[in-house]
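What the coordinates show
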Amino acid sequence: MFAKRFALRRVASFALTAVLALGAWPAAAEGIRIPHVVHKLKNGMTVILSEDHSLPLAVVNVSYNVGSRFEAPKRTGFAHLFEHLMFMGTRRAPTGSYDAWMEALGGANNAWTSEDRTDYFDVGPKTILPLFLWLEADRLRDLGPLMTQKKLDAQREIVRNERRQRGENTPYGKVDFRLPELLYPEGHPYHHPVIGSHADLEAATVDDVKAFFATYYDPANASLVVAGDFAAGETLEKIRAYFETIPSRGAPKEPKSEFPDNTSSMKSVVRETMEDEVELPKVIMAWQTPKHFSPGDAELDLLSNALAGGKASRLYKALVYEQKIAQNVEAVQASGVLGSRFTLDVMVRPGVSLDRVEKAIDAELQKVRTKPLEAEELTRAKNIVETGFVARLEGVAERASILNLYQAELGTPDYAERDLERYRSATGEGIRATVQQWLKPDARVILRVVPKGQKAPEKPGAKKTGTGATP
C-alpha cells in the first residue's frame, strides 16, 4: 500500500503488540457492530452514514475501486500516481488549497493505494464536514478534465522520489519491489509492485491520466462514508446536492484474469539472493494463499500471530531465544481480493549460516503441518487478533475505513460481526489443514538479502530468478 505521505503494504491482520492474559474471549461475536445506514445516489454512488455523537469529530472516507491490479501493461504505478494527482486542484480549489483550507480549520487528510483500491480520507472538527464533502465532490467532478502536463510532471517526480526514498534507498526496501515479481507470474494482476517502475511512470502522458480518471473515478465506482458527529438528514441533503449531479458512465468492468483465485499457481521453489546496503542478512519466505475473507484466510492470520506475534510466539522462542540464530522474526498474511500472500521474515544474527536458519524455519513449519497448535497458542493468537479488532473500532476514522473495506470487497458494510466470527470459530485442526494445503515446502519463494559483497551461492538445481508459477 502506498500512501500520499506514508507507504505501507496493505495487510488484513488486526495484530498488535499488546500484553494479554490468556483467557478466552466470549464464544460469539455478539454486539460487535458498526451502526450505519446505506443510501444509493442516482448516479450509482454508494453512501454510508455512521453517526457517533460521543466526540465532536467528523470523518469523510471515499474509496474508489481501482488499484495497481487494474493498470494496463506498461503503465504500472498509475493508480498510485493518480492518488497524488488528486491533490493538484481544480478551478474552484486551486493547487495547494485542498490541504491549506482544511488545515486552516483544524482538519487533515491523506490517502493510500493498494493492489485493489484507492482510499482518500479527511478528519477534523464536525464544523468543517461541509468543506470535506464539497472538496471531495469538486475534485471528482472536475479534476480529470483539468489535468495538465505541469501537474503530471510535478507529481511524477514526487512519486519517483518516493520510490527511491522508501524502497531503493531504504535497507531491505527493494524486497517490496522484487517479492511480487517472484511470487506471481508475468501477467498476473499482482505481479508488479503498487508504486510501479520508473520507466512506466516516465511514459505516462496527460491523455493517459485523463483516460484513467474517466474510467475509474466515476461515482458508480466509489463509496462514500461519513462517520462521526453529524445530523444524518442534513448531511444526506448536502451529499445529494454536491455528488448526485456528477454524471456517471457506469462502473468499469473487472479486468479478466486467467489465474485461479482458489489455488496457488506456484509449482516449484523460486530462490533468489539480493545484495543490499544492510548490516545483517535476512531470509524471507513467501507463499500464495487464499483471498481475503475466503476459507483459510483467517486461519493464516492466526498462524502469523502464533508464529511471530511477539516474544512468546513459536518462531521467536525457537530462533531467537533457544537457538540464538535470529535477531527478530515477523509473519504476516497480507490479504487481497484476488489472493493473498503469507510471508515469513527472519533477521539473521551475525555469522550464522542462512542454510541453518532456513532449516530451523522449515522444522517449525513442519510441526504446524503435522500437529494442531497447542490450545494456549491458539487462544493467545485469537486474543491478539480480537484485541486489535476491537481497538480499531474505537476510532471514528478507523470505523469509516472498515465500513468502506467491507463495502468495496464484499458489497456490504455490514460485516463486522461475521468478520470477527471467522477468527473466533477457527480451530487448531483448521489451521493445520490450511498450512498443509497452502504453505507447501515445494511451492514458495525463498529470498535472501545479504550485505553488499557477501552474496551467497544459490542452492544447486534451484531457479535463480523468475517465478515457479504457472497460469
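Data block above holds the structure.
This structure is a prediction, so every number in the text was calculated from the model and none was measured.

Calculation notes
- Residues numbered from 1 in each chain as written.
- Predicted model: local features only at pLDDT ≥ 70, side-chain atom pairs only at ≥ 80, totals over all residues.
- Heavy atoms only, no water.
- Helix = DSSP H or I, 4+ residues; strand = E, 2+ residues; numbered from the N terminus.
- Contact = heavy atoms within 4.5 Å.
- Areas by Shrake-Rupley, 256 points an atom, 1.4 Å probe, with all protein chains shown as cover.
- Core = buried A, V, L, I, M, F, W, Y, C linked by side-chain atoms within 4.5 Å.
- Buried < 20%, exposed > 50% of the residue type's maximum accessible area, 1.4 Å probe, protein only.
- Polar contact = N/O pair within 3.5 Å; in protein donor to acceptor, adjacent residues only side chain to side chain.
- Phe/Tyr/Trp six-rings, centres within 6.5 Å; stacked < 30°, edge-to-face > 60°.
- Pairing = 2+ DSSP bridges.
- Axes fitted to C-alpha atoms, helices over the stretch in contact; angles between N-to-C directions.
- Parallel < 35°, antiparallel > 145°, perpendicular 65-115°, else oblique.
- Left-handed = near helix turned anticlockwise from the far one by under 90°.
- Salt bridge = Lys/Arg side-chain N within 4 Å of Asp/Glu carboxyl O.

Regarding the overall build of the chain
Assigned secondary structure in the chain consists of 15 helices and twelve strands. Dimensions of the chain, computed from C-alpha atoms along their principal axes, come out at roughly 65 × 55 × 40 Å. The contacts of the chain with a sequence gap of at least 6 include a subset with a gap of at least 24, amounting to 81%. Here the chain has roughly 19600 Å² of accessible surface; of this, 54% comes from carbon and sulfur atoms.

A closer look at unusual backbone geometry
Peptide bonds are mostly trans, and most non-glycine residues show a negative phi. With phi around 70 degrees, lysine 74 is a residue other than glycine that occupies positive phi space. Turning to its location among the elements, lysine 74 is positioned in the loop between β4 (57-64) and α1 (78-85). Of note in the backbone geometry, tyrosine 172 takes a positive phi value of approximately 65 degrees without being a glycine. Tracing the chain through its elements places tyrosine 172 in the loop between α4 (149-168) and α5 (175-183).

Overview of the nonpolar core
If you look at the biggest cluster of nonpolar residues, it comprises 53 residues, and the most contacted ones within it are Tyr217, Leu224 and Phe243. The element best represented in this core is helix α3 (residues 129-142), accounting for seven residues. Excluding residues that lie within four positions of it along the chain, leucine 224 makes contacts with Met45, Thr46, Val47, Ile48, Val60, Asn61, Val62, Leu133, Ile239, Phe243 and Asn404.

Side note on the side chain of asparagine 43
Looking at the secondary structure, you find asparagine 43 in the loop between β2 (37-40) and β3 (46-51). Take asparagine 43: its relative accessible area is 9%, and that puts it in the buried class. Among the polar contacts made by the side chain of asparagine 43, one reaches the main-chain carbonyl oxygen of phenylalanine 243 at a distance of 2.8 Å. Only 3.0 Å separates the side chain of asparagine 43 from the backbone oxygen of isoleucine 246, close enough to count as a polar contact. If we ignore the near neighbours within four places in the chain, the residues touching asparagine 43 are Pro219, Ala220, Phe243, Glu244, Ile246 and Ser248.

Section: the packing of aromatic side chains
A full pass over the atoms with the stated rule returns 19 aromatic pairs. Plain terms: the ring middles of phenylalanine 293 and tyrosine 415 are 5.4 Å apart, the flat faces sit at 80 degrees to each other, and that makes the pair edge-to-face. Linking phenylalanine 293 in the loop between β9 (282-289) and α9 (297-308) with tyrosine 415 in the loop between α13 (396-410) and α14 (416-424), this pair joins segments that are 122 residues apart in sequence. For the pair phenylalanine 293 and tyrosine 415, a shared accessibility class is recorded, and that class is buried.

Re the sheet that holds strand β8 (residues 269-276)
Sheet architecture is open: five strands sit in the order β8-β12-β9-β11-β10, paired in mixed fashion. For this open sheet the edge positions go to β8 and β10 (326-334), each flanked by a neighbour on one side alone. In this sheet, adjacent strand axes meet at a mean angle of 15 degrees when their direction is disregarded. The pairing of β9 with strand β11 (residues 340-348) spans eight bridges and is antiparallel. Its bridge partner being in β11, isoleucine 284 is matched across the sheet by aspartate 345. Against the sheet, α5 contacts β8, β9, β11 and β12 (444-451), and its axis sits at roughly 150 degrees relative to β12.

Considering the pairing of strand β7 (residues 222-228)
The element β7 is largely enclosed, with a buried count of seven among its seven residues. Residue alternation in β7 divides its side chains into two sets, Ala222, Leu224, Val226 and Gly228 and Ser223, Val225 and Ala227, and both sets are buried. Note: β3 against β7, six bridges, orientation parallel. Bridging from a neighbouring strand, valine 47 pairs with leucine 224 of β7. As paired elements, β4 and β7 share seven bridges and run antiparallel to each other. Bridging across to β7, valine 59 finds its partner in alanine 227.

A few points about the packing of α3 against helix α8 (residues 232-243)
Running from N to C, α3 and α8 point in directions that differ by 20 degrees, and their axes come no closer than 9 Å. Our classification of the angle between α3 and α8 gives roughly parallel. Viewed along their axes, α3 and α8 form a crossing whose handedness is right-handed. Here Leu129, Pro130, Leu133, Trp134, Glu136, Ala137, Leu140 and Arg141 of α3 lie close against α8, whose contacting residues are Thr235, Lys238, Ile239, Tyr242 and Phe243.

Overview of the pattern of salt bridges
What the rule picks out here adds up to 34 salt bridges. Residue aspartate 119 pairs with arginine 117 through a salt bridge whose shortest N-O separation is 3.4 Å. The exposure class assigned to aspartate 119 is buried, which follows from its relative accessible area of 0%. Among the ionic pairs, lysine 367 bridges to glutamate 364, the shortest N-O distance being 3.1 Å. Of this pair, lysine 367 and glutamate 364 both sit in helix α11 (residues 354-370), three residues apart, which is roughly one turn of the helix.

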